[in-house]
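Okay, here's what each chain looks like letter by letter:
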Amino acid sequence: MREFQITLAGRQIGIRSLYDEVFHLCRDYLSDAPELSFRIETAPEDIRFEQEKSLREAALEGKPAGFYPEPYLETLAVYRKIAARMPEYDTWLMHGSAVAVGDEAFLFTAASGTGKTTHTRLWLEQIPGAYVVNGDKPLLRLRNGFCEVCGTPWSGKENMNRNVIVPLRAICFLNRGAENRIEEISFREAAPLLLQQSYRSNDSFAMQKTMALVKSLGDCVRFYRLFCNMEPEAALVSWKGMRNSA
Amino acid sequence: MKLRYEFSVMEMDGEYMAVPVGENAGSFNGMLRMNEVSAEILDLLMEDTTPEAVHRILRERYPDSDDREIGEALTAFLNQLIREGLLIAP
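Residues numbered from 1 in each chain as written. Chains lettered and ligands numbered in written order. Predicted model: local features only at pLDDT ≥ 70, side-chain atom pairs only at ≥ 80, totals over all residues.

K.L.:
Teacher, can you tell me more about the overall build of chain B here?
P.N.:
Of the regular secondary structure elements, chain B holds three helices and five strands. Its helices and strands taken in sequence order, chain B reads β-β-β-β-α-α-α-β from the N to the C terminus. Over its C-alpha trace chain B gives a radius of gyration of 13 Å, about what one expects of a compact globule, namely 12 Å for 90 residues. Taking the principal axes of the C-alpha coordinates as reference, chain B spans close to 40 × 35 × 20 Å. Considering chain B as a whole, with its 90 residues, one finds that 19% of them fall into the buried category. The contacts in chain B between residues at least 6 apart in sequence include a share of 39% that link residues at least 24 apart. (Helix = DSSP H or I, 4+ residues; strand = E, 2+ residues; numbered from the N terminus. Rg over C-alpha atoms; globule rule 2.2 N^0.38 Å. Buried ≥ 20, exposed ≤ 12 C-beta atoms within 10 Å, placed from the backbone. Contact = placed C-beta atoms within 7 Å.)

K.L.:
When you look at helix H1 (residues 36-44) of chain B in this model, what are you seeing that I'm missing?
P.N.:
Residues spaced three or four apart along an α-helix face the same direction, because each turn holds 3.6 residues. Residues and elements named next belong to chain B. Restricting attention to buried positions, one finds in H1 the residues Ser 38, Ala 39 and Ile 41. Each buried residue of H1 sits inside an arc of 160° when the element is viewed along its axis, so together they form one side. Those residues of H1 that are buried are in contact with strand E2 (6-12), strand E3 (15-21), strand E4 (32-34), helix H2 (51-61) and helix H3 (67-83). (Arc of directions from axis to C-beta.)

K.L.:
Can you help me understand the packing of helix H2 (residues 44-61) of chain A against helix H3 (residues 70-85) of chain A in this one?
P.N.:
Angle between the axes and distance between the axes: these two values describe a pair of packed helices. Residues and elements named next belong to chain A. In the contact formed by H2 and H3, the axes pass within 8 Å of each other and the chain directions differ by 95°. Relative to H3, the element H2 is oriented roughly perpendicular. On H3, the residues touching Asp 46, Ile 47, Phe 49, Glu 50 and Gln 51 of H2 are Glu 70, Leu 73, Glu 74, Leu 76 and Ala 77. (Axes fitted to C-alpha atoms, helices over the stretch in contact; angles between N-to-C directions. Parallel < 35°, antiparallel > 145°, perpendicular 65-115°, else oblique.)

K.L.:
So what exactly am I meant to see when it comes to the domain arrangement of chain A here?
P.N.:
All names here are of chain A. Segmentation of chain A into domains returns domain 1 (2-89) and domain 2 (91-243). Using only C-alpha atoms to locate each centre, domain 1 and domain 2 end up separated by 22 Å. On the domain 2 side, the residues contacting the 13 residues of domain 1 number 18 residues. The biggest single contributor to the side of domain 1 that touches domain 2 is H3, with three residues. (Domains from an automatic or database assignment.)

K.L.:
Mind showing me how you'd approach the environment of Gln 12 of chain A here?
P.N.:
Residue and element names in this part refer to chain A. Within the element layout of this structure, Gln 12 appears in strand E2 (residues 11-17). Residue class for Gln 12 comes out partly exposed when judged on the 17 C-beta atoms lying within 10 Å of it. Through-space distance from the C-alpha of Gln 12 to that of Pro 34 is 8.8 Å; in sequence the pair is 22 residues apart. For Gln 12, the contacting residues outside a window of four places in its chain are Gln 5, Thr 7, Ser 31, Ala 33, Glu 35, Leu 36 and Ser 37.

K.L.:
Can you walk me through the interface of chain B and chain A in this structure?
P.N.:
Often, the extent of an interface is quoted as the loss of accessible area upon association of its parts. On the chain A side, the residues contacting the 16 residues of chain B number 16 residues. Sorting the residues of the side of chain B that touches chain A by element identifies E2 and E3 of chain B as the ones contributing at least two each. When the residues that make up the side of chain B that touches chain A are grouped by side-chain class, the tally is seven nonpolar, four polar and five charged. (Nonpolar A, V, L, I, M, F, W, Y, C, P; charged D, E, K, R; others polar.)

In structure tokens:
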């Protein structure tokens, strides 16, 4: 059993975990602020839930069943509990890779296997000063009519993340294409995709709040659809397309 | 008839989105996109009801609309819910 606290999206979160893995994962986000926003605790049934969920999803996708070590499954359970609470604080989890350049961030999102990681790497190679805020599961926070993207230690297989909060300028939906081109899309087009990529709580209050937060994105972020291949030019096309729009 | 799940519904730029919530919501990974009338029907289906009862309520809410059009809209939406396995028949 391990007890510690972290800061995510400006919130102080107390964690009591069964294994040390969660503590090690969160090492760059540890804090000792006196007051907690909330506290979470995992139990063996949370770990079982993650394993069963993983098996269900593998079956649905026709993939071989994967059995994972309990310490790893506990890290998933902890983030699930955190994500379930975050809408109370105008913050929610969205699947995607958030990359920042200077003082603004861009979120790339897409169905699994489309090439988010590849496109992220191209940005790191091609765009001076680019860095990853979170490569897989960033938190988005709405504050004073603006959206910010927040680093978290839960950042996928590549484990690319940084403990920063950066204003979010645009969200880009990736699609594979033979040639590289980008187009701005309306919020109406983006809304179902945004919901699909947002963490869905089973709790109706939290889900209603998440939907309201997604709706608010329409007023403070721009949306793009990118068709891209794996050539370095793809990063330059998306960077210029999103940076140059007024 | 009744919905298999409870739904959270939100209007977004003129279109209504519905996402399942509750204990077994995870077994339906999709979402529903619909117009305002369908969103009203969805709301009526949160409680156990019948197609006739829903039709009657819609006629009361839209007295200026053609009765046949209301029936067709209702049938189309109920069929969509049945196809997607979201409606429990009586």
